[in-house]
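Listed here are the chains, written in short residue letters.
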Amino acid sequence: MKNLVIVESPAKAKTIEGFLGKDFVVKSSFGHIRDLNKKQLGVDINKDFLPDYEIPADKTKVVADLRKAAKEAETVWLASDEDREGEAISWHLAEALNLDITKTRRIVFHEITKQAITKAIESPRIIDINLVNAQQARRVLDRLVGYELSPVLWRKVKPSLSAGRVQSVAVRLVVDREEEIREFKVISWYRVIGKFFVNNDKGEGILIGELSRRFTNAEETVAFLESLKSASYHVSSVEKKPGKKSPAPPFTTSTLQQEAARKLGYPVARTMTLAQQLYEAGYITYMRTDSVNLSDTAITSVKNEIITNWGAHYSQVRHFTTKTKGAQEAHEAIRPTYLNQQTAGSDDGQRKLYDLIWKRTIASQMADAELERTNITIGISTTKKEEFIARGEVIKFDGFLKVYAESTDDDLSEDTEGLLPPVTKGEALKPGEITATQKFSQQPSRYTEASLVKKLEELGIGRPSTYAPIISTIQKREYVEKGERPGTTRQFDVITLLNGKTDFKIKTEKVGVDKGKLFPTDIGSLVNQYLVTNFPDIVDYQFTATVEKDFDEIAEGRLVWNKMISSFYAPFHKTVDKAIASTEKVKGERDLGIDPDTGKRICVKLARFGPIVQLGETENESGEKPRFAGLRKGQSMETITLNDALDLLKFPRLIGRYQDDDITAAIGRFGPYLLHQKKFYSLPAAIDPLTVTEAKAIEIMLAKQEKDRLSVIRTFDEDENVIIKNGRFGPYIAFGKANVPIPKKTDPATLSLEDCRQLSEAYLAVKGKSRTSKTAAPKKEPAVKKKAAPKAAADSTSVKKTTRATTTTEAKPKAKKASAGKAKPKTSAKKPKKA
DNA sequence: CAGTGAGCGAGCTTCCGCTTGACTT
């Protein structure tokens, strides 16, 4: 083998290999191949922040493979992306593969064409160590912030929490927005709309105009309408102005996520999965990019496509430049690979996303839409101060709008401005209904996943490859959740004047309905408050922008990376120490008031298992214990009231009696439920546990019993712990406490007790081995089982590990992430049991 | 599935950015 070319992605490798001929082998590194030691800080504070790099377990195979190939090759070409991270990947490759730096060539290309790649091969350079150092600084800073801040939260708030340069600011945005909404003061005004009849030699029509003045209260408005009773109206001016609209640039990762959310309703993670599938199938270019640039060949084929479909006058070649600071032109915008392919994708989701990308790309190279805007002012005979204005907008030439129009987050399309009837100045108009409607200012809107990404991008926080992970991280950590608010009803005034009579009506509307938006959780708000108070610099919106400037200077060789880190770390670390020493544990305790029955204090605070309300003091002379109640879903520590708390403290409450036993209602981890004869019955959301009647409760219980009875396929007299049932996912065996699925081929009704036992034991044996299961492990000796399972997994994987002496340490493969991280800790199981 | 709300102080958690699969459900 003569030449080995290493790129970042396997899809790219495949394409490029086709261009380069027999003497070249192209392999991929699958992104970064080394990272800081995950178990420790991974940075030696006392040795100028020397990073401790290791090859992560999931990369050992890749690196071994690349080492082998590099040994056989005469020349190794490092062709990772042309940005900070890409340069670092090349450098890590050179280090990890023990490459001779004088024989190693660094190449970059901006588009994946044969021409671009052969040209790149002709002009190799050496690794830019300044750029590498800028990346090391970025990496080390993120590690220092993340790994020093998170432990502060473990001590002061709750274990396992996390903080970081990016995620903490993302959470702050959501928390601050919620605060803005809470603080928002609604103001109202009266908007007057007049309807006028046109009847002239060109025909008949209607003009709708808005009064040039807004009124602040109803009295003023009524008085004005009264004054119009004797008024006559005429056209006082007609103004026509040409206008135009231009298309948006082609998609970047962030704008694709926004438009897919607005137009298709996709969460950002779904958009990225679908885009990845389209990319791997060869339908679109790379989906993680901040560039709006289109290659020359792409521009040419878009042009051809437009001319073929709509004619030359619809074509307008445009070169968009990327505004985002620090953006690299290493990639192109997201576009279809072949512009003449109008549809692509193997399922509906892919097809819709592809369609969006195709249209956006095409539209970006189309002509402006030409408009004509018309303003007609309508004079009022009784006043000189006010006038009505009718606005119209007509599309003279649709241009790019033929294909695609960008959506906005706040759809406030109240009036449809269309074509206005032809009128001439001075012409008299007959008035129709004149309506004054009370309007209210709108509170700021909560972030959606996509609009949060947009905001982060504006602040220069995060990268195309991390937008979707950021959004899921802050939700997984339960700092932020997608929620709903039912909204409230509001009254508003409508005053009309018709045929000389005024009429006053009060109407109602629903406002503040929010669905699928991001809400801060109590933990999110609390952690944010703690960070803002104690680490204001780190969670400052400008923090990333500030350090990016330093990274740029490092990249230009004007600043030494570990000096920069040192000047950041010294004060930062001091703040960390101070916070650990000085601050109390954060509970967010807030007084709600006094219980009218007992006279005791009621407060809300964060406890081990979430927010609770507390009645009475934790410690008092009489030794009385306080009463507690957890908050319900949708309630928050910041907004809960005394009355809400009193309601919560009413549980468990007696509903009635049935079959000589009490029925009680209570609220548990999974919501409200009924308890009767030690059996639980969930209460549907529509039923209020505070007001549920005995009759309704019995009805719910009977319905559940009936449903359970119907789901039983077969029971066995010999063993009542084995029941064949029909469930959501098909038939299964309820085997004691475990649920065992029945293979599709077998008819569940024909199974014997012996069959059931065999199936169950076989299933549980496999399940217990493959993962640390909560349900599969028998209750006996839980401590032994729980410890044995992950160890076994680790041993089995480490057998495959190829050991090799290198300059860097290689991380030992450990038990699979899924088994370690996924299961929520069961507190009951955690308690050490004494034998 | 439906407890608890405290606490001995074992042993763990955690960052951001590059890339794909290998996993359940």
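So, here is what we can say about the structure in this document. No experiment lies behind these values; they were computed from the predicted model shown.

1. A few points about the protein's contact with DNA strand B
- As a structural note, the neighbourhood of DNA strand B is formed by 50 residues, with H32, S160, R608, F609 and F670 the closest of them.
- In DNA strand B, atoms within 4 Å of the protein come 48% from sugar and phosphate.
- In the environment of DNA strand B, a sugar or linking oxygen lies 3.2 Å from a nitrogen or oxygen atom belonging to the side chain of D142.
- The backbone of S160 places a nitrogen or oxygen atom 2.5 Å from a base oxygen of DNA strand B.
- Mapped onto the surface near DNA strand B, the elements with two or more residues apiece are α5 (129-156), α9 (268-280), β21 (610-615) and β26 (679-682).

2. Here we look at the packing of aromatic side chains
- For the structure shown, the criterion picks out 15 aromatic pairs.
- Measuring from centroid to centroid gives 6.4 Å for F24 and W77, while their planes differ by 45 degrees, and the two rings are tilted. Pair noted here: F24 is in strand β2 (residues 24-28) and W77 is in strand β7 (residues 75-78), with a separation of 53 residues, a long-range link. Neither residue differs from the other here; F24 and W77 are each classed as buried.
- The interplanar angle of 40 degrees and the centroid separation of 5.1 Å between the aromatic rings of F215 and F224 together place this pair among those described as tilted. Side by side, F215 and F224 carry an identical accessibility label, which is buried.
- Here a set of aromatic residues connected by ring pairs shows up, and it is made of F535, F543, F568 and F572.
- Sitting over the face of the ring of Y541, R172 holds its NZ or CZ atom 5.0 Å from the ring centroid.
- The ring of F440 carries the charged tip of R490 above its face, separated from the ring centre by 3.9 Å.

3. Notes on the sheet that holds strand β22 (residues 627-630)
- Strand order in the open sheet made by the 4 strands is β19-β20-β21-β22, with antiparallel pairing throughout. With partners counted over all chains shown, the strands left at the sheet margins are β19 (590-594) and β22, one partner each. In this sheet, neighbouring strand axes are inclined to one another by 25 degrees on average, regardless of whether the strands run parallel or antiparallel.
- Note: β19 against strand β20 (residues 601-607), 4 bridges, orientation antiparallel. In the strand pairing of β20, D591 is matched with C603.

4. Focus: the sheet that holds strand β8 (residues 104-106)
- Taken together, the 4 strands give an open sheet; going across it, the order is β2-β1-β7-β8, and neighbouring strands pair in parallel fashion. Of all the strands in the sheet, the pair left with one neighbour each is β2 and β8. Strand after strand, the sheet turns through a mean of 25 degrees between neighbouring axes, direction not considered.
- In this sheet, β2 lies alongside strand β1 (residues 3-7) in parallel orientation, the contact comprising 5 bridges.

5. Comments concerning the environment of R172
- Residue placement: R172 occurs in helix α6 (residues 167-183).
- For R172, a relative accessible area of 17% gives the class buried.
- Sequence separation of R172 and Y479 is 307 residues, and the distance between their C-alpha atoms is 9.7 Å.
- When near neighbours in sequence (up to four residues on either side) are disregarded, R172 contacts N528, V532, V539, D540 and Y541.

6. A few points about the pattern of salt bridges
- In total, this model carries 49 salt bridges according to the counting rule given.
- One salt bridge connects R601 with D591, and the closest N-O pair in it is separated by 2.2 Å. Of this pair, R601 sits in strand β20 while D591 is found in strand β19, placing the two residues 10 residues apart along the sequence.
- Classification of R601 by relative accessible area gives partly exposed; the value is 23%.
- Each member of the salt-bridge network shares a partner with another, and the members are E85, R138, D142 and R165.

Cut-offs used in this document
- Residues numbered from 1 in each chain as written.
- Chains lettered and ligands numbered in written order.
- Predicted model: local features only at pLDDT ≥ 70, side-chain atom pairs only at ≥ 80, totals over all residues.
- Heavy atoms only, no water.
- Near = heavy atom within 4 Å.
- Polar contact = N/O pair within 3.5 Å; in protein donor to acceptor, adjacent residues only side chain to side chain.
- Helix = DSSP H or I, 4+ residues; strand = E, 2+ residues; numbered from the N terminus.
- Phe/Tyr/Trp six-rings, centres within 6.5 Å; stacked < 30°, edge-to-face > 60°.
- Buried < 20%, exposed > 50% of the residue type's maximum accessible area, 1.4 Å probe, protein only.
- Lys NZ or Arg CZ within 6 Å of the ring centre and 35° of its normal.
- Pairing = 2+ DSSP bridges.
- Axes fitted to C-alpha atoms, helices over the stretch in contact; angles between N-to-C directions.
- Contact = heavy atoms within 4.5 Å.
- Salt bridge = Lys/Arg side-chain N within 4 Å of Asp/Glu carboxyl O.

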